[in-house]
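A closer look at the structure
Residues per chain, in single letters:
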Amino acid sequence: MKIKQIFQWLLGSNKKKSSSPQNGMQADKSEMMQKVLTMLSNTQDVEMTCDEVFAVLDQFAELAARGEDVSRLMPLVQHHLDMCPDCQEEYKVLQRIVLNAV
Ligand SMILES: [Zn+2]
């Protein structure tokens, strides 16, 4: 969703400036594009935030309780849980609730 916004922003600002194509602006644009590309390549394997993980954690716990391969289905969540003790705690609590409910 963020990526889409960046592109929309790029396209929008491009339209406004289209009346005067100057060399300086071209340089600005390609520099901006470079930044976006760097951003994109960085975000591909960037971890989820705690908020994002928390939003899907109950789903994750449910899938795990059902014996689904969560590390394949939601690898980013699994990855985050491996790294983040806070979310691990939260997950343990949810897991207990889910397992009790089954
Ligand atoms: Zn976390």
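Since we're looking at a predicted model, the values are computed, not measured. (Residues numbered from 1 in each chain as written. Predicted model: local features only at pLDDT ≥ 70, side-chain atom pairs only at ≥ 80, totals over all residues. Heavy atoms only, no water.)

**Here we look at the confidence of the model for the protein**
Put simply, the protein has an average pLDDT of 80, and 67% of its residues get 70 or more. The secondary-structure element of the protein with the lowest mean pLDDT is helix α1 (residues 2-16), recorded at 63, while helix α3 (residues 50-65) shows the highest, at 95. (pLDDT = per-residue confidence, 0-100. Helix = DSSP H or I, 4+ residues; strand = E, 2+ residues; numbered from the N terminus.)

**Points about the coordination of the zinc ion**
The coordination sphere of the zinc ion contains the protein donors C50 (SG), H80 (NE2), C84 (SG) and C87 (SG), at a distance range of 2.0 to 2.3 Å. Here the zinc ion binds four donor atoms, and the angle range of 100 to 112 degrees at the metal identifies the geometry as tetrahedral. (Donors = N, O, S within 2.8 Å, 3.2 Å for Na, K, Ca; no water. Tetrahedral: all angles 85-135°; square planar, octahedral: opposite > 155°, others 65-115°.)

**As for the nonpolar core**
In this structure, V53, L57, F60, V77, L81 and Y91 are the most contacted members of the largest nonpolar core, which totals 15 residues. For this core, the elements supplying multiple residues, two or more each, are α3, α5 (75-83) and α6 (85-101). The greatest single-element share of this core, amounting to five residues, is contributed by α3. Here L57 is in contact with V77, L81, C87, E90, Y91 and L94, once residues within four sequence places are set aside. (Core = buried A, V, L, I, M, F, W, Y, C linked by side-chain atoms within 4.5 Å. Buried < 20%, exposed > 50% of the residue type's maximum accessible area, 1.4 Å probe, protein only. Contact = heavy atoms within 4.5 Å.)

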